[in-house]
Amino acid sequence: MKKLDFAIIDPHIHQWDPYHTPHSAALLVKLLGKYPAVMDQMVRFVKPKSLLDSLGLTQYALNPYLPIHYRADIAPFSIDSVVHIEANWHHAKGFGVVEETEWVKQLNFKQHDITLGAIVGTADPREKGFKDILKAHQDASPLFRGIRKMASWHKDKGIYRWCDQPHLYQSKKFLKGFEDVAKLDLSFDAWGYSTQLTEITALAANFPQTRIVVDHLATPAGLFGSVGKKTGITSAQRTDIFKQWQHDLGLLAQQKNVYAKISGLMMPVLGHTFYQQHRTASPTEIVNLLTPMIQHAINVFGVDRIMYASNFPMDKPNAALSDLIYAYIQMITPYGDQALYSIFRQNAINFYQLNIES
C-alpha cells in the first residue's frame, strides 16, 4: 500500500458537542446520555425516518465529536490542518449562526497536534441583515473563510430534505443576498443532491469570480442501493442515476471557479448498508464501489480542482477514516505523485486560502 510522504489537509470535518452547545439533541443527551440504548430508541420515536436513514446510526450525532475524536479516527496518517464546515448549529436564525464560529475557534486542536486552518460557517442569504451576519463571522475569527448553505432537497419524500424549499440556489432572495458573498470575496460550499447539479452550475455561472466547491460530489442518492420511497430500487434506476450524475457533473466542471470534494461518498443516503451488517467497508470494497466516481470526477475537473475531504463523522457508520484514505490513495495513485499532493493537500490550501506552507 502506497504511503503519503506529506501531511494531509482535511477541508471538511464537523465538530459538535450536544452536551455543551445549543444542539438539537441537547436536552435529550442531558436526560438520557448515560443510557445510550434508551436514547437511540427515543430519537427513533421522535425524528423522521428520512433523517434516521440519512444518518444510518444515531450514536455519532448524539455524542460529541471533537479534536480528540478526530485525531483517533485519522490515525495512523499525518494530518496538518483541517477546515471545520458548519454542522447545522441549532441557533440557525439571524446572528445565532455566528456562535458556531466563536465556539469552533476555541476548540483545542493544537493539543492534538492539529491546526485549525479555516472555518466555514453558515448564514442564509435570504435573511435580512445577511451582510452584517457575514461581517460578524469575520469579526468572530480571522479563520472564517466563507459559508455553506445547504440546498439538499430531493423530490423523493423519503430522502431527508436538509433545506426548507426546493431550488434554493435559484431563489431570487438567495441570489440577491449571495451578491454579498461575492463582494466580500468569501468562498461558498454548495451541497445539493445530484438532481440539483444544474442549479449549482447556474449559481456558479452567475458568480464566476466566486470560489465555489460542490460538497460530496453532489451526493447521487440511491446510486448504490435503495433509499427513500422509490430511489435506486432497481439496477436500471441506479444506472440512470450514475449516467445523469456523470453528465451534470461534467457540465458543472466547465465552470472554472468551481472545485469538487471527494467526500461523503460512504454516507448511507447513497445506498450503502454496511452499518446494517454491523461492520464497515474494507478498503478493497471502497475502491470497487467508488473508483468509477473518482475517475469521472478527475476526468472532468482535473487534478487541480479536486479535494480529498473526510466529512467525518458523517461517513463513520459505513467506513473507518483510515480505510477511506487508504482507498482514495489507491484510486488516485495512477494519476501520479503530484496528483496525490494536489488532491490531499495543495488544492485545499488554494481554495480556502490557508495560511500554511504549500
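In what follows, the structure referred to is the one given above.
Criteria and thresholds
- Residues numbered from 1 in each chain as written.
- Predicted model: local features only at pLDDT ≥ 70, side-chain atom pairs only at ≥ 80, totals over all residues.
- Heavy atoms only, no water.
- 1 Å grid on protein atoms, 1.4 Å probe; cavity = no way out; pocket = protein on both sides within 12 Å on 5 of 7 lines; lining within 4 Å.
- Points joined across faces, edges and corners; volume = space filled by probe spheres on them.
- Nonpolar A, V, L, I, M, F, W, Y, C, P; charged D, E, K, R; others polar.
- Helix = DSSP H or I, 4+ residues; strand = E, 2+ residues; numbered from the N terminus.
- Contact = heavy atoms within 4.5 Å.
- Salt bridge = Lys/Arg side-chain N within 4 Å of Asp/Glu carboxyl O.
- Buried < 20%, exposed > 50% of the residue type's maximum accessible area, 1.4 Å probe, protein only.
- Pairing = 2+ DSSP bridges.
- Right-handed = clockwise from strand over helix to strand, strands pointing away.
- Axes fitted to C-alpha atoms, helices over the stretch in contact; angles between N-to-C directions.
- Core = buried A, V, L, I, M, F, W, Y, C linked by side-chain atoms within 4.5 Å.
- Parallel < 35°, antiparallel > 145°, perpendicular 65-115°, else oblique.
- Left-handed = near helix turned anticlockwise from the far one by under 90°.

**Digging into empty space enclosed by the protein**
Right, on to step 1. For the structure shown, the criterion picks out 1 cavity of 30 Å³ or more.
Right, on to step 2. Taken as a whole, the largest cavity spans an internal volume of roughly 50 Å³.
Right, on to step 3. Trp16, Leu55, Leu57, Tyr60, Ala61, Pro313, Met314 and Pro317 together form the lining of the largest cavity.
Right, on to step 4. Tallied by class, residues from the lining of the largest cavity come to 8 nonpolar, no polar and no charged.

**Some details on the layout of surface pockets**
Right, on to step 1. In this model, the largest pocket occupies a volume close to 1200 Å³.
Right, on to step 2. Looking at the largest pocket, it is lined by 48 residues, and the ones nearest its centre are Ala87, Asn88, Trp89, Met150 and Trp162.
Right, on to step 3. Sorting the residues of the lining of the largest pocket by element identifies α2 (36–46), α3 (49–55), α4 (59–62) and α6 (98–105) as the ones contributing at least two each.
Right, on to step 4. Counting residues per element, the lining of the largest pocket draws most heavily on α3, which supplies 4 residues.
Right, on to step 5. Of the residues in the lining of the largest pocket, the class split is 24 nonpolar, 12 polar and 12 charged.
Right, on to step 6. For the second largest pocket, the calculated volume is near 350 Å³.
Right, on to step 7. Around the second largest pocket, the lining comprises 18 residues; the ones closest to its centre are His154, Lys155, Thr195, Thr231 and Ile241.
Right, on to step 8. Looking at the lining of the second largest pocket, its residues break down into 5 nonpolar, 8 polar and 5 charged.

**Section: the environment of Gln138**
Right, on to step 1. When you line up the elements, Gln138 lands in helix α7 (residues 130–140).
Right, on to step 2. Ignoring sequence-local partners within four residues, the contact set of Gln138 consists of Phe144, Leu184 and Leu186.

**Re the pattern of salt bridges**
Right, on to step 1. For the coordinates displayed, the defined rule picks out 13 salt bridges.
Right, on to step 2. For the salt bridge of Asp164 with Arg126, the shortest nitrogen-to-oxygen distance reads 3.1 Å. Remark: Arg126 occurs in the loop between β3 (115–121) and α7 and Asp164 occurs in the loop between β4 (144–148) and α8 (172–183); sequence separation between them is 38 residues.
Right, on to step 3. Under the relative-accessibility criterion, Asp164 is labelled exposed at 58%.
Right, on to step 4. The class of Arg126 is buried, set by a relative accessible area of 18%.

**As for the pairing of strand β2 (residues 79–85)**
Right, on to step 1. Most of β2 sits inside the fold, with 7 of its 7 residues counted as buried.
Right, on to step 2. Where strand β1 (residues 8–13) meets β2, 4 bridges bridge the pair, whose relative direction is parallel. Counterpart to Ile8 in the pairing with β2 is Ile79.
Right, on to step 3. Taken together, the 5 bridges between β2 and β3 define a ladder with parallel strand orientation. Across the sheet, Val83 pairs through a bridge with Ala118, a residue of β3.
Right, on to step 4. Crossover connection from β2 via α6 to parallel β3: handedness right-handed.

**As for helix α9 (residues 197–206)**
Right, on to step 1. Residues of α9 that are buried: Leu197, Glu199, Ile200, Thr201, Leu203 and Ala204.
Right, on to step 2. For α9, the secondary structure elements touched by its buried residues are α8, β5 (187–190), β6 (212–214), α10 (235–253) and β7 (258–262).

**Details of the sheet that holds β5**
Right, on to step 1. Taken in spatial order, the 8 strands line up as β1-β2-β3-β4-β5-β6-β7-β8 in an open sheet, and their pairing is parallel. Edge positions in the open sheet fall to β1 and β8 (306–308), since each of these has one partner strand only. Each adjacent strand pair in this sheet contributes to an overall mean axis angle of 25 degrees, direction not counted.
Right, on to step 2. Pairing of β3 with β4, which is carried by 3 bridges, proceeds in the parallel orientation. Its bridge partner being in β4, Ile119 is matched across the sheet by Phe144.
Right, on to step 3. Most of the contacts of α6 go to β3, to which it runs at about 175 degrees, and overall it touches β2, β3 and β4.

**Thoughts on the nonpolar core**
Burial of nonpolar side chains together is a common tendency in soluble globular proteins.
Right, on to step 1. One finds Tyr308, Tyr328, Ile332 and Phe344 to be the most contacted residues of the largest nonpolar core, which totals 99 residues.
Right, on to step 2. With residues up to four places along the chain from it excluded, the contact list for Tyr308 reads Ile8, Ile9, Asp10, Pro11, Ile74, Ile262, Leu321, Ile325, Tyr328, Ile343 and Phe344.
Right, on to step 3. Of all hydrophobic cores here, the second largest spans 13 residues; its members include Ile85, Ala348, Tyr352 and Leu354.

**Considerations on the environment of Met42**
Right, on to step 1. Tracing the chain through its elements places Met42 in helix α2.
Right, on to step 2. Under the relative-accessibility criterion, Met42 is labelled partly exposed at 36%.
Right, on to step 3. Each C-alpha atom of the pair Met42 and Lys230 lies 27 Å from the other, and the pair is 188 residues apart in sequence.
Right, on to step 4. In this view, Met42 contacts Leu28 and Leu32; residues no more than four positions away in its chain are not counted.

**Focus on the packing of α10 against helix α11 (residues 283–301)**
Right, on to step 1. Axis separation between α10 and α11 bottoms out at 9 Å; the angle between their running directions is 25 degrees. Classified by the angle between their axes, α10 and α11 sit roughly parallel to one another. In this structure, the crossing between α10 and α11 has a hand that is right-handed. From α10, Phe242, Trp245, Gln246, Leu249, Gly250, Leu252 and Ala253 reach across to α11, where they touch Pro292, Met293, His296, Ala297, Val300 and Phe301.
Right, on to step 2. For the contact of α10 with α11, the residue count by class is 10 nonpolar, 3 polar and no charged.

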